[in-house]
Amino acid sequence: MAEDSNNHPSKRPGWDEYFMEIAKVVALRSNCSRRHVAAVIVKDGRIISTGYNGTPRGIKNCNEGGCPRCNSNAPSGTSLEECICSHGEENAIVQAAYHGISIKDATLYTTFSPCLLCAKMIINSGIREVVYNESYSIDSTSRRILAEAGVILRPVATEK
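Residues numbered from 1 in each chain as written. Predicted model: local features only at pLDDT ≥ 70, side-chain atom pairs only at ≥ 80, totals over all residues. Heavy atoms only, no water.

Colleague: Please explain unusual backbone geometry as it appears in this structure.
Modeller: For residues other than glycine, phi is negative in most cases, and the peptide bonds are mostly trans. The backbone of D44 sits at a positive phi, close to 55 degrees, despite the residue not being glycine. Among the secondary structure elements, D44 is positioned in the loop between β3 (38-43) and β4 (46-52). Look at D44 and you get exposed, because its relative accessible area is 73%. A positive phi is found at D105, a non-glycine position, where the angle reads about 70 degrees. Counting through the fold element by element, D105 comes out in the loop between α2 (88-98) and β5 (107-112). Residue classification places D105 among the partly exposed positions, given a relative accessible area of 41%. (Helix = DSSP H or I, 4+ residues; strand = E, 2+ residues; numbered from the N terminus. Buried < 20%, exposed > 50% of the residue type's maximum accessible area, 1.4 Å probe, protein only.)

Colleague: Explain the pattern of salt bridges to me, please; I cannot follow it from the model alone.
Modeller: When charged atoms on two side chains of opposite charge get close, those side chains can pair. All told, the structure shown has seven salt bridges when counted by the stated rule. Of the charged contacts in the structure, one is a salt bridge between K11 and E17, with a shortest N-O distance of 2.7 Å. Judged by relative accessible area, which is 60%, K11 ranks as exposed. Among the ionic pairs, D16 bridges to R154, the shortest N-O distance being 2.7 Å. Taken together, the residues span a long stretch of sequence, with D16 in helix α1 (residues 15-27) and R154 in strand β7 (residues 152-155) at a distance of 138 residues. Among the ionic contacts, a cluster of salt bridges with common partners joins D16, R128, E129 and R154. (Salt bridge = Lys/Arg side-chain N within 4 Å of Asp/Glu carboxyl O.)

Colleague: Could you clarify how one ought to interpret the sheet that holds β3 in this entry?
Modeller: Sheet strands pair via backbone hydrogen bonds, and the direction of the pair is either parallel or antiparallel. The strand order across the open sheet formed by five strands is β4-β3-β5-β6-β7, and the pairing between neighbours is mixed. Edge positions in the sheet fall to β4 and β7, since each of these pairs with one other strand and no more. Going across the sheet, the axis of each strand differs from the next one's by a mean of 20 degrees, ignoring polarity. Where strand β6 (residues 129-134) meets β7, four bridges bridge the pair, whose relative direction is parallel. When the bridges of β7 are listed, V131 appears paired with R154. (Pairing = 2+ DSSP bridges. Axes fitted to C-alpha atoms, helices over the stretch in contact; angles between N-to-C directions.)

Colleague: Any chance you could explain the confidence of the model for the chain here in plain terms?
Modeller: Atom-level detail of predicted coordinates should not be read off regions where pLDDT is low. A residue-level look at the chain finds 92% of positions with pLDDT of 70 or above and a mean pLDDT of 89. Summarising per-element confidence for the chain, the mean pLDDT is lowest in strand β1 (residues 2-3) (52) and highest in β3 (98). (pLDDT = per-residue confidence, 0-100.)

Colleague: In this structure, what is going on with the environment of M20? I would like to understand it.
Modeller: By the secondary structure assignment, M20 is in helix α1. As for M20 and G66, which are separated by 46 residues in sequence, their C-alpha atoms are 28 Å apart. Here M20 is in contact with Y109, T110, T111, V131, Y132, N133, V156 and T158, once residues within four sequence places are set aside. (Contact = heavy atoms within 4.5 Å.)

Colleague: I'm lost on the packing of α2 against helix α3 (residues 116-125) in this one. Help?
Modeller: If you want to describe how two helices pack, look at the angle between their axes and the distance between the axes. With their axes 9 Å apart at the nearest point, α2 and α3 run at an angle of 30 degrees to one another. In terms of orientation, α2 lies roughly parallel with respect to α3. Once α2 is placed against α3, the crossing between them reads as left-handed. Facing α2, whose interface residues are E89, E90, I93 and V94, α3 presents L117, C118, M121, I122 and S125. Broken down by class, the residue content of the contact of α2 with α3 amounts to six nonpolar, one polar and two charged. (Parallel < 35°, antiparallel > 145°, perpendicular 65-115°, else oblique. Left-handed = near helix turned anticlockwise from the far one by under 90°. Nonpolar A, V, L, I, M, F, W, Y, C, P; charged D, E, K, R; others polar.)

Written as structure tokens, this is what we have:
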């Protein structure tokens, strides 16, 4: 166990907890008015990309009225075709591509398990493992295809 500057025992986080806590901080940047989600992509123990959910670059932020679905009273899981926001995992993957960074064989830490669209992007980008904190309610197909593609999907609990 590590010690703080006063020689008191302190809990040093493991790698999963460390990267998940960073993902939670990244989620604070989200401008979505419904849910804050973020992802951190790690390769060889280093953060190589981050992303959070919100409207695309150059589009009015969600919390400023940019997304029609997020600014409606649509119940959770409905009117998804009206949402113009990008997901945290999607933005982390696209951000790496934008800067020419390979994410092949990387691990993606995400605050929620991925939806189907993000699962397909994860598979095609070459990410080998997804670590998530909370389960997304609409993800049985995502879980199935990630497993079929050989992508490891595992939960990690962190303190709230």
